[in-house]
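# Chain and residue survey
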2 protein chains.
Amino acid sequence: MPTINVLLPGDASADRSYEIRIGSGVVGEIGAAIARRSGSRAVVISDAAVSAHAAAVTASLTGAGIDTTAVAVPSGEASKSLAVAGRLWAALAAQAVDRQTHVIAVGGGVVGDLAGFIAATFARGLPVWQVPTTLVAQVDSAIGGKTGINLEAGKNLVGCFWQPCGVFADIGTLATLPDREFTSGLAEVVKYGMILDAEFFAWLEGHAAALVARDPQALVYAVERSAALKAHVVSADEREQTGLRAVLNYGHTFAHAFETAAGYGTLLHGEAVSIGMVCAARLAEQLGRIGSDIVARQDALLAACQLPRSIPSLTASTDDLLAIMARDKKSIGGRLRFILPDRIGHVELVADIDPGLVATVITQQVAGPG
Amino acid sequence: MPTINVLLPGDASADRSYEIRIGSGVVGEIGAAIARRSGSRAVVISDAAVSAHAAAVTASLTGAGIDTTAVAVPSGEASKSLAVAGRLWAALAAQAVDRQTHVIAVGGGVVGDLAGFIAATFARGLPVWQVPTTLVAQVDSAIGGKTGINLEAGKNLVGCFWQPCGVFADIGTLATLPDREFTSGLAEVVKYGMILDAEFFAWLEGHAAALVARDPQALVYAVERSAALKAHVVSADEREQTGLRAVLNYGHTFAHAFETAAGYGTLLHGEAVSIGMVCAARLAEQLGRIGSDIVARQDALLAACQLPRSIPSLTASTDDLLAIMARDKKSIGGRLRFILPDRIGHVELVADIDPGLVATVITQQVAGPG
């Protein structure tokens, strides 16, 4: 099975590096992994829609002699709320969970972010393991230690950096994903090619059909390569301080604004990222940073992955969208900054962009081809 | 002015060590300190009861050219709640606070813990500065990076470790503290002598009257010595992993149970700690770890500091108190562990203590002398 090492600088007390295991059936390894860390109690927090996977995790844990309880939250972005977090904290308190209790997040990005935040904050920190069951979680959200919940004012405004002890990306869980959810994960995969790896981008151009058909061999490679690229970035800039980690936000400032304006859950995250990358590439073209050929190659790959490249309609005005972007936590002093490509496989942080240009690009994608 | 350095291991990105400034008027230095870190925006979070100190902080910040807004929360432990945290997160979002915005906590332990938690979790982490205005906050809660809020099930069940950029302990703020609140802070001061420093304990025996009279010179020394002892422990065991930091919990497992059972706010934290230390010393005596002479010296010093040594009455049963202690986040697998003295200036972690003995000690202090 492919294994990626996420190297993190140790503090005085411990090396925090961890492994990402990728392959069919890796979910069965989790009990032994936690037992090796002397874990004897666990709480599985899962999305109600993945009860079969949660049961497999629980079976692995109990099989390893670990005292395990399970809590499920409703499916969907609405669970990344203060209200649901409050219920989970109370549930852990009611079970007298202590700092030796391991939390296992089983589900997509919503559960990973939510359970990670609960683990980061209950009793000032419990060990957490990620078992991502969606493509977007396997290639992106389960890796890197970002946890959080949403406020009415915006996504992920409350959260912590809290690194997992390990990630188990079981390709088998992808077989039963709804089409739209599976496809949306491909947006983040395309993103890695655009921002960091022209060779991987070219591989994706040749294997988009196999990925859409969920060919297991293609999936293992796409997840492995994506996870390795993300792990590399996270290792080098764990807390978004050197600027390197910001490259991962390619397309995301636009995407968050689209998601916020459309109402959480209307657009899937990967769908918003796909449209956001189209906007970012067009913005880069407008600024003379790339030619139309690169915009076209990205458009074609997103289309081959069956991803949307425009929004049919949006009730928010472009001014509203610009205001949301100015509140983005990666903004500085309310000024717009974007990650923009200068070629396939390389991006840069560009500051002080004319809001009028951003508005133009957005307008084209709201009314544009798709 | 005395300055204590809190040395913390750096991670890859930054040295996280910080200074504690102690003395009359140090609050006026905060604007310059934040400006030196290139801070240009700040949010002052304060207790409504210390509006004069919050105004002094705001004046220092605006005087240094820092764009400053202020939020006040109601006085009292009830503000360490999810509801108040939710309002503060929303307030920061409404102000479009970004990661370059500094949070300044002005107040006692409640505001320090609450504002620290908000800073730790908004946008996955804002820089925070502590301006403790009570004795207990100056010698204890503002130092060491523990932040958190309470759940109905117990105190501080939700929180993070989040180190401040600096601490400004202005002795001038202690002059106007209500007697009971001032006195309760002396419990933590006595604690440092008991757990780590027999010489300091002896100094306290000689200066209890001066401290109770709030003699500024005595106060500066008591705060400086306490802060230095706490800083030493925190530097060596930032996240309570080696066991060293656990010594700070001397008296606290009892204290938290008393506070929870009495209802937050009925007993001041320091009052509960004073009674908790009496219980812990008696437990140590019962176990043959110390003689009655040490119990008597601690009793006498607590009395000289005008601190309570027993509870007049308590509606909770000893079984309820034991159940609360078993849920304490320092417990392991629900088994009782206590920090107990073996002489003045030294304590040890003692596990697997007979709950019957603990119940006996509690019963004596509920019905006992005081």
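Residues numbered from 1 in each chain as written. Chains lettered and ligands numbered in written order. Predicted model: local features only at pLDDT ≥ 70, side-chain atom pairs only at ≥ 80, totals over all residues. Heavy atoms only, no water.

Turning our attention to the overall build of chain A. Per the secondary structure count, chain A includes 13 helices and 11 strands. Its C-alpha atoms give chain A a radius of gyration of 20 Å, near enough to 21 Å, the size a compact globule of 370 residues would have. Its C-alpha atoms give chain A principal-axis dimensions of roughly 60 × 40 × 40 Å. Partitioning the intrachain contacts of chain A with sequence separation of at least 6 by distance along the chain shows that 75% fall at a separation of at least 24. Summing over all exposed atoms, chain A offers an accessible surface of approximately 12,700 Å²; the carbon and sulfur share of this is 54%. (Helix = DSSP H or I, 4+ residues; strand = E, 2+ residues; numbered from the N terminus. Rg over C-alpha atoms; globule rule 2.2 N^0.38 Å. Contact = heavy atoms within 4.5 Å. Areas by Shrake-Rupley, 256 points an atom, 1.4 Å probe, with all protein chains shown as cover.)

In this structure, Phe254, Phe258 and Val358 of chain B are the most contacted members of the largest nonpolar core, which totals 86 residues. Broken down by element, this core gets its largest block of residues, 10 residues, from helix H10 (residues 269-286) of chain B. Split by domain, this core shows at least three residues from each of two domains, domain 1 (3-174) and domain 2 (179-367) of chain B. When near neighbours in sequence (up to four residues on either side) are disregarded, phenylalanine 258 of chain B contacts Leu267, Ala272, Ile275, Gly276, Cys279, Ile311, Leu314, Leu321 and Ile362 of chain B. With 85 residues, the next largest nonpolar core counts Phe201, Trp203, Leu204 and Leu322 of chain A among its residues. (Core = buried A, V, L, I, M, F, W, Y, C linked by side-chain atoms within 4.5 Å. Buried < 20%, exposed > 50% of the residue type's maximum accessible area, 1.4 Å probe, protein only. Domains from an automatic or database assignment.)

We now examine unusual backbone geometry. Non-glycine residue alanine 96 of chain B carries a positive phi angle of around 50°. When you line up the elements, alanine 96 of chain B lands in the loop between helix H3 (82-94) and strand S5 (101-107).

Let's shift gears to the interface of chain B and chain A. Interfaces are often described in size by the accessible area the parts lose on coming together. Facing the 38 residues of chain B at the interface are 38 residues of chain A. Regarding the contact of chain B and chain A, the summed buried area is about 3,400 Å², with carbon and sulfur atoms giving 60% of it. In this structure, the connection of chain B to chain A is made through two salt bridges. Summed over the shared surface of chain B and chain A, the result is eight residue pairs in polar contact (both at pLDDT 80 or more). Examining the composition of the side of chain B that touches chain A, we find that six residues originate from one element, strand S8 (residues 154-161) of chain B, more than from any other. Looking at the side of chain B that touches chain A residue by residue, the classes come out as 19 nonpolar, 11 polar and eight charged. (Buried area = accessible area lost by both parts, 1.4 Å probe. Salt bridge = Lys/Arg side-chain N within 4 Å of Asp/Glu carboxyl O. Polar contact = N/O pair within 3.5 Å; in protein donor to acceptor, adjacent residues only side chain to side chain. Nonpolar A, V, L, I, M, F, W, Y, C, P; charged D, E, K, R; others polar.)

Enumeration according to the criterion identifies 30 salt bridges over all chains in this entry. In this structure, the salt-bridge partner of arginine 99 of chain A is glutamate 240 of chain B, at a minimum N-O distance of 2.4 Å. Residue arginine 99 of chain A is located in the loop between helix H3 (82-94) and strand S5 (101-107), and its partner glutamate 240 of chain B is located in the loop between helix H8 (216-236) and helix H9 (252-262); the two belong to separate chains. No difference in accessibility class separates arginine 99 of chain A from glutamate 240 of chain B, as the two residues are buried. Each of the salt bridges in this network shares a partner with another, and the network as a whole consists of Glu77, Lys155 and Glu259 of chain A.

Taken across its 11 residues, helix H9 (residues 252-262) of chain A has 10 buried, putting it largely inside the fold. Following H9 of chain A by one or two positions, glycine 263 of chain A adopts a phi angle in the positive range, close to 90°.

What follows deals with the packing of H3 of chain A against helix H4 (residues 109-121) of chain A. Residue and element names in this part refer to chain A. Two elements in contact, H3 and H4, have axes separated by 10 Å at closest approach and are oriented at 50°. Considering their axes alone, H3 and H4 lie oblique with respect to each other. For the pair H3 and H4, the crossing hand works out as right-handed. Taken together, the residues of H4 that come into contact with H3 (itself represented by Val84, Ala85, Leu88, Trp89 and Leu92) are Leu114, Phe117, Ile118 and Thr121. In terms of residue class, the contact of H3 with H4 is made up of eight nonpolar, one polar and no charged. (Axes fitted to C-alpha atoms, helices over the stretch in contact; angles between N-to-C directions. Parallel < 35°, antiparallel > 145°, perpendicular 65-115°, else oblique. Left-handed = near helix turned anticlockwise from the far one by under 90°.)

A separate point is the domain arrangement of chain A. All names here are of chain A. Structurally, chain A comprises domain 1 (3-174) and domain 2 (180-367). Relative to domain 2, the C-alpha centre of domain 1 lies at a distance of 26 Å. Opposite the 30 residues of domain 1 that make contact, domain 2 presents 34 residues. Here domain 1 is connected to domain 2 by four salt bridges.

Of the transformation superimposing chain B on chain A, the axial component is 0.0 Å and the angular component is 180°, with the fit at an RMSD of 0.0 Å. Each copy turns onto its partner about a two-fold axis. Same-surface contact between copies: 100% of interface residues of chain B are shared with the interface of chain A. (Least-squares fit on C-alpha atoms with pLDDT ≥ 70 in both.)

This brings us to the sheet that holds strand S2 (residues 18-23) of chain A. All names here are of chain A. Ordered in space as S1-S2-S9-S6-S5-S3-S4, the seven strands form an open sheet in which the pairing is mixed. Strand pairing shows two members of the sheet lacking a second neighbour, strand S1 (3-6) and strand S4 (67-73), which therefore form its edges. Taking each pair of neighbouring strands and ignoring which way they run, the sheet shows an average axis angle of 15°. Strand direction decides the pairing type here: S2 and strand S9 (residues 166-170), joined by five bridges, are parallel. Across the sheet, glutamate 19 pairs through a bridge with glycine 166, a residue of S9. Docked against the sheet, helix H2 (residues 51-63) engages strand S3 (41-47), S4, S5 and strand S6 (128-132), running at close to 170° with respect to S3. (Pairing = 2+ DSSP bridges.)

Residues and elements named next belong to chain B. An order of S1-S2-S9-S6-S5-S3-S4 is seen for the seven strands of this open sheet, with the pairing classed as mixed. Either end of the sheet is taken by a strand with one partner, and the two such strands are strand S1 (3-6) and strand S4 (67-73). Looking at each pair of strands side by side, their axes are set apart by 15° on average, direction ignored. On the sheet, helix H4 (residues 109-121) packs against strand S3 (41-47), S4, S5 and strand S6 (128-132) and is oriented at approximately 165° with respect to S5.

Attention now goes to the pairing of S3 of chain A. All names here are of chain A. The element S3 is extensively covered by neighbouring structure, given that six of its seven residues are classed as buried. Bridge analysis of S3 against S4 gives seven bridges, and the strand direction is parallel. Within the sheet, the bridge partner assigned to isoleucine 45 lies in S4 and is valine 71. Chirality of the crossover, the property in question, places the unit of S3, H2 and S4 among those that are right-handed. Pairing of S3 with S5, which is carried by six bridges, proceeds in the parallel orientation. Bridge assignment links alanine 42 to a residue of S5, and that residue is histidine 102. (Right-handed = clockwise from strand over helix to strand, strands pointing away.)

Right, let's get into the environment of proline 178 of chain B. Along the polypeptide, proline 178 of chain B turns up in the loop between strand S9 (166-170) and helix H6 (179-196). Note: C-alpha distance between proline 178 of chain B and isoleucine 311 of chain B (133 residues apart in sequence) is 21 Å.

All right, on to H2 of chain A then. Residues and elements named next belong to chain A. Over its 13 residues, H2 extends 18 Å from the first C-alpha to the last, a length consistent with the 18 Å expected when each residue adds 1.5 Å. If you follow the buried residues of H2, they end up packed against helix H1 (30-36), S3, S4, S5 and S6. Just downstream of H2 lies glycine 65, where phi reads positive at about 80°. (Expected span 1.5 Å × (residues − 1).)

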